[in-house]
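Residues per chain are reported as follows:
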Amino acid sequence: MQVDRRYQCKDVLLLAYQSFGVLFGDLTISPLYVFKSTFSGKLSNYQSEDVIFGALSLIFWTLTFFSLFKHVVILLNADDNGEGGIFALYSLLCRHAKFSLLPNHQTSDEELSTYHDPRYSCRNPQSSSLKKFAERHKKAKTALLLLVLFGTCLVMCVGFLTPAMSIRSSIEGLKDRSNNLHYGVVLVIACLLLVGLFVLQHRGTYSVAFMFAPIVILWSLSIAAIGLYNILKWNPRVYKALSPFYIYTFFRDTGYDGWISLGGVLFCITGTEGMFADLGQYTAASIRLSFVCIIYPCLVLQYMGQAAFISKNFAAVSTSFYASIPDGLFWPVLVMATLAAIIASQSIISFTFSIVKQCYAIGCFPRVKVVHKSKWNRGQIYIPEINWVLLILCLAVTVGFKDINHLGNAYGLACMSVTFVATWLTALLINFVWCQSLLLALLFGLVFGSVEIIFLASSFVKIPKGGWIPLILSGIFMLVMYVWHYGSRKKYLYDLHNKVSMKQILTVGPSLGVVRVPGIGLIFTALVSGVPATFTRFLTNLPTFYQVVVFVCEKTVLVPYVPQQERYLIGRIGPKSFRMYRCIVRNGYKDVQKNEDDFENDLVMSVAEFIQLEAEGCGTLEGSVDGRMAVVRTSEKFGKRLEISELERNGEASSSMPPTILNSSKSLVLQHLQSTYEMESPGYTLRRRVRFNLQQDMTYKDLNVKDELSELVEAKQSGVAYVLGHSHIKTKLNAPWLKRFFIHVAYSFLRKNCRAPAVVLNVPQTYLIEVGMNYYL
């Protein structure tokens, strides 16, 4: 037991060390501009020590109330299988109450090992009246989704405001040492750093991430040491400001001007939400350890030191951070501040990619290309389209706002709005998921929400001075998300209404009335039951199809990750002679698309396992069952039904075991054309090529099983084709004008300017077949 505890302590300490480089960059860079922004308005007319101490008391208790009490003590417990953030809260709410609007939910999804958290033991609690009301009314579910999407839109705004604010604030320290330095020089340096930061995003942070933690730790200890130095040098009495009594004297002396200055005070907690949002890479214990032991005391010492300096040098309040640094340490601190600002920006950019991926996963964002490289950490992704949009917006606000205080107004409003959304989602979670009383949930919402409203009201006053940026852009992002969700849902309902039942398929006859050609046809559809109209339209125009047909449905389950062994649901469609199967691929909202060649191999292995288990009479397999569908990868024999041998570039098997050569039924001309096209295609040589063979020493009780497996292996050897629908969306003639605008203009524009389905699914053009379909919504 002692050995286990030692290992646990080592793991916690290691994660705590690594968390410095990801979670706390934004929080520790705040001292650059908190006092500057607080005293930027009419509050600069109040130069008494009590007012300065009052501002410090507000900063200290705001940091303690939100960062320490709300996030570290309470919110870190509200994780979804270790994941945090707004989407984690929404996912938990949807799984413990019937709030989900995902159209293809199945009961088998609830049997996933990650679906129910054992910590929430009240799996079927007595439902509260609020919960019953929300479950009965679709408008309540829609309102909850809109609240979550609004929060994600604000996060996207923070994604470009954080780099602009932090990097520009760090560079402006140059003006403290060079009064003749032109404003344009600072702006150019800041823009160059921002461009370099975004241009290098596609390379990931794998090769330099090891430097992040020591830089942030050194930066935190440096600002703490500088703060302690200023306390001892300028005003040792500053510790008295930790008393909340000074908050009373602050508002008594400043009144309305003091309330307006709260927009600057809230900068001390910017970045706090990142502790919860990036929880998945660490643990709650490691984050608490690093925050309580290092970050929190370092920030308190720094803010106390700045207040002590300002109390004796009020004229330097606009550059209080850099002005308070001893002369011999200025340049090292400036370099560390710039590096810390870059690290803080990198963290929020990565989180923005993640939040967009989560919106896309539930059908609330246009199709984008999600890049994940094998050497990157789990969950680390790159989205090219979002990267360039963030860069353009970041440069626009950096250059557009000559007064950095206006940029700060936009930044503060966005951050506090995200915090406000998270507060009320947590209040719902306390009642619906933690099964606590409605009174306790309301108490949490009112205690934290009322204080946040005071800060938000102060920020709203500054809407004309830059605060309009996050509101306008959040509205635009929300409109894009709503239009895409509306169009996609209408399209799915059309598919659901026009699907072909199994009865109609069975009446066609054993041969389906078509000519079967060698190969596997993967028909992608959003339906989890029935046969999509895409398939029947293909047969109507070209009465031929592949010898093995698999209907593939990729769907999102509201869990962060689906274990690989539970990902595939396999079933059969029609009689065995049809050789038609259904594969439902279940992904979590943070799962990343695998390479298409891995998907093909996993699919073939899963279908082979299903064929064997079905023949062995395993009607109820180990795992979830949905009608005639089952999770087959949980079988102990999975992966042992077929042999896999790697192929060299010349097509020969590299395995030492002699494979059974399966001759392709294609003509020599077609084989030559295919090989020529593939070799000219980019990335073809990087594809993993394998050959499947039947196990030589396996005995089959039913020879039909061997024949079916042989046909499956032969079809895979002949090739795999991806059949996707190419839809043309139209509205009915009697549709309202608003619906026609959304579909014909807005939704069509988004469809034409986003990634094609084949690109998102990583389907090679060589194997792609698109079937045109007209949708009348």
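A brief look at the structure comes next. Starting afresh in each chain, residues are numbered from 1 along the sequence in its written order. Local features in this predicted model are restricted to residues of pLDDT 70 or higher, and side-chain atom pairs are both shown and tallied only at a pLDDT of 80 or more, whereas totals for entire chains, interfaces and linings draw on every residue. The side-chain values count all of the structure's non-hydrogen atoms but skip hydrogen atoms and water molecules.

1. Description of the overall build of the protein chain
Turning to step 1, where the next piece is worked out: Helix and strand definitions here come from DSSP, where helices need a minimum of 4 consecutive H or I residues and strands a minimum of 2 consecutive E residues; each element is numbered from the N-terminal end. The secondary structure content of the protein chain amounts to 28 helices and ten strands.
Turning to step 2, where the next piece is worked out: Contacts between residues were defined by any pair of non-hydrogen atoms, one from each residue, lying within 4.5 Å. In the protein chain, 84% of the contacts between residues at least 6 apart in sequence involve partners at least 24 apart.
Turning to step 3, where the next piece is worked out: Working note: accessible area of the protein chain is about 33500 Å², and carbon and sulfur atoms make up 61% of it. All accessibility values rest on the Shrake-Rupley procedure with a 1.4 Å probe; residue burial counts only the protein chains present in the view.

2. Examining the packing of helix H10 (residues 212-234) against helix H17 (residues 330-361)
Turning to step 1, where the next piece is worked out: Two elements in contact, H10 and H17, have axes whose closest approach is 10 Å; the angle formed by their N-to-C orientations is 130 degrees. Between H10 and H17, the angle falls in the class oblique. Between H10 and H17 lies a crossing whose hand is left-handed. Contact residues: Phe-212, Ile-215, Val-216, Leu-218, Trp-219, Ser-222 and Ile-226 in H10; Val-333, Met-336, Ala-337, Leu-339, Ala-340, Ile-343 and Gln-346 in H17.
Turning to step 2, where the next piece is worked out: Broken down by class, the residue content of the contact of H10 with H17 amounts to twelve nonpolar, two polar and no charged. For helices, the fitted line uses only the C-alpha atoms of the stretch in contact; every axis is such a line through C-alpha atoms, and the angle between N-to-C directions lies from 0 to 180 degrees. These descriptions rest on fixed angle ranges, namely under 35 degrees for roughly parallel, over 145 for roughly antiparallel, 65 to 115 for roughly perpendicular, and the rest for oblique. Crossing handedness is defined as follows: a turn of the near helix away from the far one that is anticlockwise and smaller than a right angle gives a left-handed crossing, while the clockwise case is right-handed. Put simply, Ala, Val, Leu, Ile, Met, Phe, Trp, Tyr, Cys and Pro go in the nonpolar bin, Asp, Glu, Lys and Arg in the charged bin, and everything else, Gly too, in the polar bin.

3. Description of the side chain of Ser-170
Turning to step 1, where the next piece is worked out: Within the secondary structure, Ser-170 sits in helix H7 (residues 138-171).
Turning to step 2, where the next piece is worked out: Note on Ser-170: relative accessible area 0%, which makes it buried.
Turning to step 3, where the next piece is worked out: Those residues in contact with Ser-170 that sit more than four places away from it in its chain are Leu-32, Tyr-322, Leu-334, Ala-337, Thr-338 and Ala-341. Each residue gets one of three labels from its accessible area relative to the maximum for its type: buried under 20%, exposed over 50%, partly exposed in between, using a 1.4 Å probe on protein chains only.

4. Here's the deal with the packing of aromatic side chains
Turning to step 1, where the next piece is worked out: For Phe, Tyr and Trp, where Trp contributes only its six-membered ring, two rings pair if their centres lie within 6.5 Å, and the inter-plane angle classes them as stacked under 30 degrees, edge-to-face over 60, or tilted in between. Applying the stated rule across the entire model yields 41 aromatic pairs.
Turning to step 2, where the next piece is worked out: With a centroid separation of 6.5 Å and an interplanar angle of 40 degrees, the aromatic rings of Phe-60 and Tyr-296 are classed as tilted. Here Phe-60 is found in helix H4 (residues 49-74), whereas its partner Tyr-296 is found in helix H15 (residues 284-312), with 236 residues between them in sequence. As far as the burial class goes, Phe-60 and Tyr-296 line up, both buried.
Turning to step 3, where the next piece is worked out: Each ring, one from Phe-99 and one from Phe-432, has its centre 5.5 Å from the other, and the planes form 65 degrees; the classification is edge-to-face. Of the two residues, Phe-99 sits in the loop between helix H5 (86-96) and helix H6 (129-136) while Phe-432 sits in helix H19 (residues 404-432), which places them 333 residues apart along the sequence.
Turning to step 4, where the next piece is worked out: Exposure remark for Phe-432: the relative accessible area of 4% places this residue in the buried category.
Turning to step 5, where the next piece is worked out: Among the aromatic residues, those joined into a cluster by ring pairs are Phe-20, Phe-24, Phe-60, Trp-61, Phe-291 and Tyr-296.

5. Let's talk about the environment of Ile-294
Turning to step 1, where the next piece is worked out: With respect to the helices and strands, the residue Ile-294 is situated in helix H15.
Turning to step 2, where the next piece is worked out: Overall, the relative accessible area of 25% leaves Ile-294 in the partly exposed class.
Turning to step 3, where the next piece is worked out: As a C-alpha pair, Ile-294 and Ala-224 span 70 residues in sequence and 9.5 Å in three-dimensional space.
Turning to step 4, where the next piece is worked out: Once residues lying within four places of it in the same chain are set aside, the contact partners of Ile-294 are Phe-20, Ser-220 and Leu-289.

6. Focus: empty space enclosed by the protein
Turning to step 1, where the next piece is worked out: Buried and open spaces are told apart on a 1 Å grid over the protein atoms alone, a cavity being a set of points where a 1.4 Å probe fits but cannot get out and a pocket being an open set with protein on both sides within 12 Å along at least five of seven lines. Residues with an atom within 4 Å of a point are the lining residues. Grid points are joined across faces, edges and corners, and a volume is the space filled by probe spheres set on the points. With the rule as written, the count across this model stands at five cavities of 30 Å³ or more.
Turning to step 2, where the next piece is worked out: Within this model, the largest cavity holds a volume of roughly 350 Å³.
Turning to step 3, where the next piece is worked out: Lining of the largest cavity is provided by 25 residues; of these, Val-158, Gly-271, Glu-273, Gly-274 and Ile-348 occupy positions nearest its centre.
Turning to step 4, where the next piece is worked out: In terms of residues, the lining of the largest cavity owes the most to one element, H17, which gives five residues.
Turning to step 5, where the next piece is worked out: Taken together, the residues that form the lining of the largest cavity break down as 15 nonpolar, seven polar and three charged.

7. Here's the deal with the packing of H7 against H19
Turning to step 1, where the next piece is worked out: Relative orientation of the contacting elements H7 and H19 amounts to 145 degrees, with a least axis distance of 8 Å. In this structure, the crossing between H7 and H19 has a hand that is left-handed.
Turning to step 2, where the next piece is worked out: Partitioned by chemical class, the residues of the contact of H7 with H19 number 20 nonpolar, five polar and one charged.

8. Some remarks on the state of the cysteines
Turning to step 1, where the next piece is worked out: Two cysteine sulfur atoms form a disulfide, by the criterion used here, when they sit within 2.5 Å. This structure, assessed with the given rule, holds zero disulfides.
Turning to step 2, where the next piece is worked out: Lacking any disulfide linkage, Cys-394 is separated from the closest cysteine sulfur, that of Cys-191, by 8.4 Å.

9. Some thoughts on the nonpolar core
Turning to step 1, where the next piece is worked out: In terms of nonpolar packing, the biggest core is built from 163 residues, with Phe-24, Phe-39, Phe-160, Leu-161, Trp-219 and Phe-291 touching the most fellow members.
Turning to step 2, where the next piece is worked out: By residue number, the principal contributor to this core is H7, which donates 16 residues.
Turning to step 3, where the next piece is worked out: Among residues more than four places away in sequence, those in contact with Phe-160 are Leu-390, Leu-393, Cys-394, Val-397, Ile-469 and Leu-473.
Turning to step 4, where the next piece is worked out: For this analysis, a nonpolar core means a set of buried residues of the types Ala, Val, Leu, Ile, Met, Phe, Trp, Tyr and Cys, connected via side-chain atoms within 4.5 Å. Among the nonpolar cores identified, the runner-up in size contains 39 residues, and Val-690, Val-705, Val-720 and Tyr-767 belong to it.

10. Considerations on the side chain of Ser-37
Turning to step 1, where the next piece is worked out: Note on placement: Ser-37 falls in helix H3 (residues 34-38).
Turning to step 2, where the next piece is worked out: Relative accessible area serves as the criterion here: at 8%, Ser-37 is assigned to the buried category.

11. Digging into the environment of Ala-277
Turning to step 1, where the next piece is worked out: Tracing the backbone through its elements, the reader meets Ala-277 in helix H14 (residues 272-277).
Turning to step 2, where the next piece is worked out: For the pair formed by Ala-277 and Phe-351, sequence separation is 74 residues and the distance between their alpha carbons is 7.7 Å.
Turning to step 3, where the next piece is worked out: Ala-277 has contacts with Gly-84, Gly-85 and Phe-351, leaving out every residue within four places of it along the chain.

12. Some thoughts on the pattern of salt bridges
Turning to step 1, where the next piece is worked out: Salt bridge, as applied in this entry: a Lys or Arg side-chain nitrogen positioned within 4 Å of an Asp or Glu carboxyl oxygen. Enumeration according to the criterion identifies 15 salt bridges in this entry.
Turning to step 2, where the next piece is worked out: Between Glu-172 and Arg-168 there is a salt bridge, and its shortest N-O distance comes to 3.6 Å.
Turning to step 3, where the next piece is worked out: Among the salt bridges present, the one from Arg-572 reaches Glu-614, with a minimum N-O distance of 2.5 Å. Pair noted here: Arg-572 is in strand E3 (residues 568-572) and Glu-614 is in helix H24 (residues 596-615), with a separation of 42 residues, a long-range link.
Turning to step 4, where the next piece is worked out: On the basis of relative accessibility, which here comes to 23%, the residue Glu-614 falls in the partly exposed class.

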